[in-house]
Amino acid sequence: MTDTVHRAIHAARRARLAAQLGAGGIALVPTAPERSRNRDSDFPYRHDSYFHYLTGFTEPNAWLVLAGDGRSTLFCQPKDLERETWDGYRLGPAAAPEALGVDEAFSTAELDQRLPRLLEDREAVWYPFATHAALETKVDGWLGKVRARVRAGAIAPGQQRDLCGPLDEMRLVKDAHEQQLLRTAGRISAQAHVRAMQTSARLLREGVDAREYHLEAELLHEFRRHGAQFPAYTSIVAAGANACVLHYRADNAPLRAGELVLIDAGAEYDSYAGDITRTFPADGRFTGPQRALYDLVLASQYAAVEATRPGARFNDPHDATVAVLAQGLLDLGLLDADKAGTAQDVIEQRTYFPFYMHRTSHWLGMDVHDVGSYVEPGEADRFTERRDPLSGETIKSRPSRILRAGMVLTIEPGLYVRPAENVPEKFWNIGIRIEDDALVTEDGNELLTRGVPVEAAEIEALMRG
C-alpha cells in the first residue's frame, strides 16, 4: 500500500473524528511515552493506539491536536543529528505535513508555548481520560495559561470531554484496510502455532530435553520471519498442569509425553493483533480423557462460532459456549447430576465456574483487548438486577452489544480441571483452551486464524508430519 493511500486513510479518520467534536471543540492526543526497563535500557517502544490510528506516526514524544474544523497540528521531536546518531532517524516538523498529511507541525519543545493559544476561544477540550499518567495535570496547566489571558479577551474552554467515547466507537468497526491487517496478523500467528506444535513432537521423538521456552523461541522466530514487529502480548506456553493457570508465562517446565501443552500467542503486524490459543499433546497423541475434554471444548467453540453473526448480541457466543459445556460437564462426570441438577441448573447456579471462569470473547484490533463498549449504545438505562449465586453480589445486567459487520472478536472457550474432591482423577491437571479470531461479516463471520488446525485428529496428523 502506498504512502499516499496511508495518508488518505488517516486523514479520513481525523475528518470523521473532527466532525464529532463540534465547531468549538479541540482534541489533544498524545502518543505513548518511552519506558525504562532498567538502568540504561528501554523497553521496545510501542506507540499509543489512539494516536497511531489517527496519524500512522510511530515515533515517541509526539502529540496530535485536532480542531473541530478539521485542522490538524502535529508536535514531534525536532531534528537532532547527534541524537539521531544514537537513537535513529527522526522525521522532524518540516517533513511531517507532507509525510503524514497534517496541516502543520512544530517541535515538541514548543508544545507548552503553542498549546494555550490553540485552546483559546474553544468551547470544549477533548482528550482520552485515564489513559496517560498526568495528562489531566498538563491540560489543567495549559488551561491555566489561557485563563491568565482573560483580561486580554481570551476565553478558556468551559468543558473537558472524554475522547475515548467517539474514538472507541470508530475503532470498534474495522475498515477494509484494518481487516486485511488483521488477516495478516492471524495468518502469521497461525504459522507460528503450527511451527510450535511440530517442534514439540519432533523434540520428544528425538528424546532431547524440551522446555516451554523452546516453544516460545519458535513462536518468536516465526513472528519475525514473516514481518511481524512484536508479539501482540506476552506468549503463554503452559505445559502439563501449568495450563490450568490462565495467565501463565512461558517458563522452563519440561514438555512430557502424555501431557498437554497450551499455547496462547499472537503476532502484532503493523499495529494489529492476532490472538490464538491451541492446546495439543506434547508428543502428538491425545489420551482418552484429554480427547474427551478437548472435543467438549471444541464443540462449545463451534456453538459460539455459529452464534457469531450480525444482529446477534455480544453475549450470545458466551451463552452458547456455556450451554454446551454445562451439559458436557454432567455427561463426563465432572459435575454430579444428583447434586448439580440439569444443565440449566448448572448454568443458573454457575456451578460450571470452577472449570470455566472467564468469558468467551473480547474485542480485538490494535489492542489485544481492544476498545469498544460491550453494552449497546442507547440501551444502557435498560437493566435487570440479579444476585450472583457464587459471590452473593447484586449484579446489573444490561443489553450487550449488537454485533455488526466489521467488528472483530475472539472466541475462546476453555476448561481447566485442577485436582479436587469429587472430580475424576483421570481429568486432573488438564487445561484446554481453543481460541480463534472472528470478523463479523454481512452474512455470518470469517475466522481469521484457522491456518492452524483445530480438530484433534488434524492436530495429531500435523504433529506426525
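For the structure itself, consult the block above.
Residues numbered from 1 in each chain as written. Predicted model: local features only at pLDDT ≥ 70, side-chain atom pairs only at ≥ 80, totals over all residues. Heavy atoms only, no water.

Caption draft 1: Geometry of helix H6 (residues 135-147). Along its 13 residues, H6 runs 18 Å from first to last C-alpha, staying within 8% of the 18 Å computed at 1.5 Å per residue. Inspection of H6 places Leu 135, Val 139, Trp 142, Leu 143 and Val 146 among the buried residues, and these make up the whole buried set. Projected down its long axis, H6 carries its buried residues within an arc of 100°, all on one side. Buried residues along H6 sit against strand S1 (25-30), strand S4 (63-67), helix H5 (111-119), strand S7 (124-127) and strand S8 (159-162). (Helix = DSSP H or I, 4+ residues; strand = E, 2+ residues; numbered from the N terminus. Expected span 1.5 Å × (residues − 1). Buried < 20%, exposed > 50% of the residue type's maximum accessible area, 1.4 Å probe, protein only. Arc of directions from axis to C-beta. Contact = heavy atoms within 4.5 Å.)

Caption draft 2: Layout of the sheet that holds strand S14 (residues 276-281). Spatial ordering of the open sheet is given by S10-S11-S14, a layout of three strands whose pairing is antiparallel. The strands lining the two open edges of the sheet, one partner per strand, are strand S10 (236-239) and S14. Ignoring strand direction, the axes of neighbouring strands in this sheet form an average angle of 10°. Bridge count for strand S11 (residues 260-265) against S14 is six bridges, and the pairing is antiparallel. In the strand pairing of S14, Ala 265 is matched with Ile 276. Packed on one face of the sheet, helix H9 (residues 212-225) meets S10, S11 and S14 and runs near 150° to S10. (Pairing = 2+ DSSP bridges. Axes fitted to C-alpha atoms, helices over the stretch in contact; angles between N-to-C directions.)

Caption draft 3: Here's a closer look at the pattern of salt bridges. Scanning the model with the defined rule gives 28 salt bridges in all. With a closest N to O distance of 3.6 Å, Arg 71 and Glu 104 form a salt bridge. Here Glu 104 lies in strand S6 (residues 104-107) and Arg 71 lies in the loop between S4 and strand S5 (72-76), a separation of 33 residues in the sequence. Look at Arg 71 and you get partly exposed, because its relative accessible area is 40%. As a salt-bridge pair, Glu 206 and Arg 202 come within 3.5 Å of each other at their nearest N and O atoms. Within this pair, Glu 206 and its partner Arg 202 are both found in helix H8 (residues 176-206), separated by four residues, close to a single helical turn. Here the salt bridges share partners, and the residues they tie into one network are Glu 169, Glu 376, Arg 401 and Arg 404. (Salt bridge = Lys/Arg side-chain N within 4 Å of Asp/Glu carboxyl O.)

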